[in-house]
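The chain contents come next:
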Amino acid sequence: MKYAFFPGCVSRGGCPELYPAALKVCERLGIELDEMVDASCTGAGVLQEKNKKLGDTLNARTMAIAERMGYDTIMVICSTCQGVMSRAKYTLDNDDTYRAEINALLAEEELVYTGNVQPKHLLWVLIEDVGLDKIREQVQQPLSGVKLAPFYGCYIVRPSDSLGFDENPERQTSLETLIELVGAETIDFAGKTRCCGFPILTINEKASVNMVANHTGDAKDLGADAMVTPCPLCHLNLDGYQPAAAKQRGKSISLPILHFPQMMGLAMGMSAKELGLQRHVIDTKPVQKKVGQV
Amino acid sequence: MQVKLAVKRFDPEREQDQSYVQDYTLDVPDHYTVLDALIQTREEVDESLAVRCSCRASICGSCAMRVNGHAGLGCKTKLLDSMDKDGVVQVEPMGNQPVVKDLVVDMSVFWNKIRAVKPYLQPEGPEPEREYVASNDSMLKLLQTMGCIMCGACVSDCTVLEVNENFLGPAALAKAYRFVGDPRDGATNQRFGELDEPGGMWDCTRCFECVEACPKGVAPMDQIMNLREEAAAAGFTSTIGARHAEIFADTVKHSGWLDELQLAVKTPGMFNIGAQLHNMPVGIRAFLRGKLPPIVHKAIPSVRFVRRIFEKIEED
């Protein structure tokens, strides 16, 4: 099982703990990764605010590079990368004229976007390609008694027409599936598919932090020990701005936010340090204690 | 088939527990929509149930409501697609608008926001002898936004309106683009100036909830992105949002991938001491935790091709 690997910007920038955690989990499960060193940023929806065509071209280029490398799937570890790349693919695959325009822009590098490559988050790779039985074999330290609230990140749930939910309906409950598989209990809450507020952080910090306060506060009130997310941008806000959210809410929240590969790694018996939990803003020791790591 | 509607009800005249959930179990044909079932409930089971509807054909926009937590038209939502494994369908009034009774909301919030964007043509110059003419081609990009039936579903599920009631919201901003993009309108710059204000086009968090909720394919968020792109191209580049997009693009053009450190420092302005001081605790905390993005930001090996793509598109 081998994929072209697109790590995204944030897993090597603001959330440097994600990249090694994801790599370790993949290694344990026998997933080989061929990192795409020549791929550019997806634009994260921000570049698209300035120029949509620019964003679509860069994503077409990344998918064309993967095809040239001999792959039909690009593994990503970020909900935003997944969504933005999927949306570009959806647009290009449904508009021949536009695709020809974009291909003309890629010609100088002798790249062709054909539509044969799909982006696929590690979350989906685990369920659809690795399979639950094989993962279960690697669960050495079940997270029994740990209550985890899923938090997907907008771009891995919307817009649904570009995310392959018709063919793969299990994608919509993939986080819950893995939470249960590692032996933890799911804390279901209304905010799990809502926005973390990160995209408006610089524009309206108060509103952005209010979203953090609502989601982390609600999950905490429902008894969650931690929240789990496949999106590093959500992590930046839910973890990094949780102190501000607690201040805004007027009471402590202290809800550790785990990157989803960290949850998998903990259940596979990896140490908190290997998984970079010490790098989180919100102390993760209460969760580590529950799984016998403190 | 049998279906159980779990309807969130609200009765302002009750002294206690004004809001509650009431279950109705019905036998209905397989082809029934949520609205069909609600009408049957009202006519045969409980005449006190308040629901607003008219055309029953996804045209009038009267019956927007939340089904299983997501807004849409009751008349366009099939029961068969909505029932859980126990045959239950959750029905609630729309969000972000005060409830009058049961499934009926007060849409004045919605209409006030629509009015705020001056949803009418403001042509400039002398009136033509006959009608104002717009070519077919020039109107094609507006077809999506012209499909709006003002049902309020997008406003219901807007994540920003939940935390910021001053936000114009998806419906009004999509409507604003309908006029900004119209070649007969002469008030584009004035509109951009107003939409640049706090609560305007830059306050959207790009969560796609409105795209998902809209029953007519208006894709309000896409129209908001069109506004941002066209406003920036017209020189409206001084807001934090516009600068953020510009600096983001600059760093990707320079190295092929995002330089988070530059983005964080440059967006508020290098010499904006107040903002830099405000952001400092978060930066220090990230540094202490080893989470600061790399100070030396290396470009990807093939960055020249990325730059060429930028140049070619910028030339266009």
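Because the structure is a prediction, the values reported are computed rather than measured.

The rules behind each value
- Residues numbered from 1 in each chain as written.
- Chains lettered and ligands numbered in written order.
- Predicted model: local features only at pLDDT ≥ 70, side-chain atom pairs only at ≥ 80, totals over all residues.
- Domains from an automatic or database assignment.
- Helix = DSSP H or I, 4+ residues; strand = E, 2+ residues; numbered from the N terminus.
- Buried ≥ 20, exposed ≤ 12 C-beta atoms within 10 Å, placed from the backbone.
- Contact = placed C-beta atoms within 7 Å.
- Pairing = 2+ DSSP bridges.
- Axes fitted to C-alpha atoms, helices over the stretch in contact; angles between N-to-C directions.

The next point concerns the domain arrangement of chain B. Partitioning chain B into structural domains gives domain 1 (2-105), domain 2 (108-233) and domain 3 (249-315). A separation of 48 Å is found between the C-alpha centroids of domain 1 of chain B and domain 3 of chain B.

Okay, the environment of A:Glu35 next. Residue and element names in this part refer to chain A. With respect to the secondary-structure elements, Glu-35 resides in strand β2 (residues 32-35). When the 14 C-beta atoms within 10 Å are taken as the criterion, Glu-35 is described as partly exposed. Measuring from C-alpha to C-alpha, the distance between Glu-35 and Ala-66 comes to 9.8 Å, with 31 residues separating the pair along the chain. Apart from the residues lying within four places of it in its own chain, the contact partners of Glu-35 are Phe-5 and Pro-7.

Moving on, we come to the environment of B:Lys253. Residue and element names in this part refer to chain B. Along the chain, Lys-253 falls in helix α11 (residues 240-255). By C-beta crowding, Lys-253 is classed as partly exposed, having 18 other C-beta atoms within 10 Å. Taking the C-alpha atoms as reference, Lys-253 lies 9.6 Å from Ala-299; in sequence the two are 46 residues apart. If we ignore the near neighbours within four places in the chain, the residues touching Lys-253 are Val-306, Arg-307 and Phe-310.

Residues and elements named next belong to chain B. Taken together, the 5 strands give an open sheet; going across it, the order is β2-β1-β5-β3-β4, and neighbouring strands pair in mixed fashion. Every interior strand has two partners, whereas the edge strands, β2 (19-27) and β4 (70-73), have only one. On average, adjacent strands in this sheet sit at an angle of 35 degrees to one another, irrespective of strand direction.

All names here are of chain A. Reading across the sheet, the 4 strands line up as β6-β5-β7-β8 and stay open at both edges, with parallel pairing between neighbours. Each having just a single partner strand, β6 (185-186) and β8 (257-259) make up the two edges of the open sheet. Judged from the 3 bridges that link them, strand β7 (residues 226-229) and β8 form a sheet pairing that is parallel. By the bridge assignment for β8, Val-228 is matched with Leu-258. The sheet contacts of helix α8 (residues 174-181) involve β5 (147-150), β6 and β7, and relative to β5 the element is tilted by about 165 degrees.

Note that the residue after A:Arg158, namely A:Pro159, is joined by a cis bond; omega there is -10 degrees. The backbone phi angle of B:Asn96 is positive, close to 60 degrees, even though this residue is not glycine. When you line up the elements, B:Asn96 lands in the loop between β5 (88-92) and β6 (99-101). Exposure remark for B:Asn96: the 21 C-beta atoms within 10 Å place this residue in the buried category. The backbone phi angle of B:Met150 is positive, close to 55 degrees, even though this residue is not glycine. Inspection of the secondary structure assignment puts B:Met150 in the loop between α5 (143-146) and α6 (153-157). Under the C-beta neighbour-count criterion, B:Met150 is labelled partly exposed, with 18 such atoms within 10 Å.

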